[in-house]
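Listed below are the residues making up each chain.
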Amino acid sequence: MSFHQLIYLDKEFISDLYEESTGKSPSVNITKAEGANAGIKAMFLSAGVSSTESKTYTISTSKMLTELKSELAAYDELDYKIDKQLAFNSKYFWVKGSMSVQKTTVTRQKQNVKIDSSGMKKENVGEPEIKGEEKYFSIKDNNENTFPLIATSEYFTSSLLDLINLTGTVVETINFEVDALIRVLPARTSFNGWVAIPLIIRESGS
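Here is a short report on the structure shown in this document. Keep in mind it's a predicted model, so treat the numbers as computed, not measured.

Residues I7, M99, F147 and I201 are the most contacted members of the largest nonpolar core, which totals 27 residues. Broken down by secondary-structure element, the contributors of at least two residues to this core are β1 (6–9), β4 (91–116), β5 (119–141), α4 (162–166), β7 (176–188) and β8 (194–203). With five residues, the single largest contributor to this core is β7.

Here you go:
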């Protein structure tokens, strides 16, 4: 895989796969930090103390990619449309398709709630109020599956994440033809998409 093709690379996934596949463990340093709200105690919530693990390998993630070629190729390629009623644990797939920036509008609407002997009834009041817009990367594969991506900004290459902010202003549309290894979650959106975590995204045919 050429570095010229890479759009997105989850370095932690690659390093964990490398460790599992080769048995070569890195040197590890774990630090514990106490936040400003460490003294606050709340039911179901404890955010005062956190631990951070840092790993040091003797080779780069680019070299790991080369050595993990067969392990990465072993993941199945998704070649069907996922049934909307399908319940499953998260699954890993290679998908082929186009990656673009999509936008959803966040709205809020007041409701009257009435409870009587027949049960609870809800009635919308007035027009929906637009609260804001959210932009996100999404992959639509060759089998008509749509995958809104939960991405980490640091894993994009060459500041490609900045394209989200430019879409709809300076940039009209974005469309990358891609091959991607994704983790599909058992979470379905209201617009018929399956939420996915990208692990590797690369331009196809380049």
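Before going further, it helps to spend a moment on the pattern of salt bridges. The tally for this structure, following the rule as stated, stands at three salt bridges. In this structure, K96 and D179 form a salt bridge, with 3.0 Å as the shortest nitrogen-oxygen distance. Taken as a pair, K96 in strand β4 and D179 in strand β7 lie far apart in primary sequence, 83 residues in all. The partner of R202 in a salt bridge is D179, and the shortest N-O contact between them spans 3.9 Å. Within this pair, whereas R202 is found in strand β8, its partner D179 is found in strand β7, the two being separated by 23 residues in sequence.

This next bit is on the side chain of D179. When its relative accessible area of 11% is taken as the criterion, D179 is described as buried. In terms of polar contacts, D179 uses its side chain to reach the side chain of K96, at 3.0 Å. Setting aside residues up to four positions removed in sequence, D179 forms contacts with W94, V95, K96, I200, I201, R202 and S204.

This part covers helix α1 (residues 11–22). With 12 residues, α1 ought to run about 16 Å at 1.5 Å a step, and its terminal C-alpha atoms sit 16 Å apart, in line with that. By the burial criterion, the buried members of α1 are F13, I14, S15, L17 and Y18. If you check the start of α1, you find a side-chain oxygen 3.1 Å away from the backbone N of E12, and it comes from D10. Immediately beyond the C-terminal end of α1, within one or two residues, lies G23, with a positive phi of roughly 75°.

What follows concerns the pairing of β7. Across eight bridges, the pairing between β7 and β8 is antiparallel. Looking at the pairing, A180 lines up with I201 of β8. The turn linking β7 back onto β8 is made up of five residues, and N192 within it adopts a positive phi angle of 65°.

Now for the side chain of N145. Inspection of the secondary structure puts N145 in the loop between β5 and β6 (146–148). A polar contact of 2.9 Å, which involves the side chain of N145, links it to the backbone nitrogen of I82. Among all residues touching N145, those that are not within four sequence positions of it are L78, Y80, K81, I82, I139 and K140.

Parameters and conventions
Position labels on residues start from 1 in each chain and follow its written sequence. Where totals are concerned, whole chains, interfaces and linings use all residues; where local detail is concerned, this predicted model gives features only for residues with pLDDT of at least 70, and gives and counts side-chain atom pairs only at 80 or more. Only hydrogens and water are set aside; all other atoms, that is, all heavy atoms of the structure, feed into the side-chain values. Throughout, nonpolar core names a set of buried Ala, Val, Leu, Ile, Met, Phe, Trp, Tyr and Cys residues whose side chains join them through atoms within 4.5 Å. Partly exposed describes any residue whose relative accessible area lies between the buried limit of under 20% and the exposed limit of over 50%, with all areas from a 1.4 Å probe on protein chains only and scaled to the type maximum. Numbering of helices and strands runs from the N terminus; a helix is a DSSP stretch of H or I covering at least four residues, while a strand is a stretch of E covering at least two. What makes a salt bridge here is a side-chain nitrogen of Lys or Arg within 4 Å of a carboxyl oxygen of Asp or Glu, nothing more. Under the rule applied, a polar contact is a pair of N or O atoms within 3.5 Å (in protein, one hydrogen donor and one hydrogen acceptor; residues adjacent in sequence only if both atoms are side-chain atoms). Only heavy atoms matter for contacts: two residues are in contact if any of them lie within 4.5 Å across the pair. A helix is expected to reach a length of 1.5 Å times the quantity of its residues less one. Two strands pair under a simple rule: DSSP has to find at least two bridges between them.

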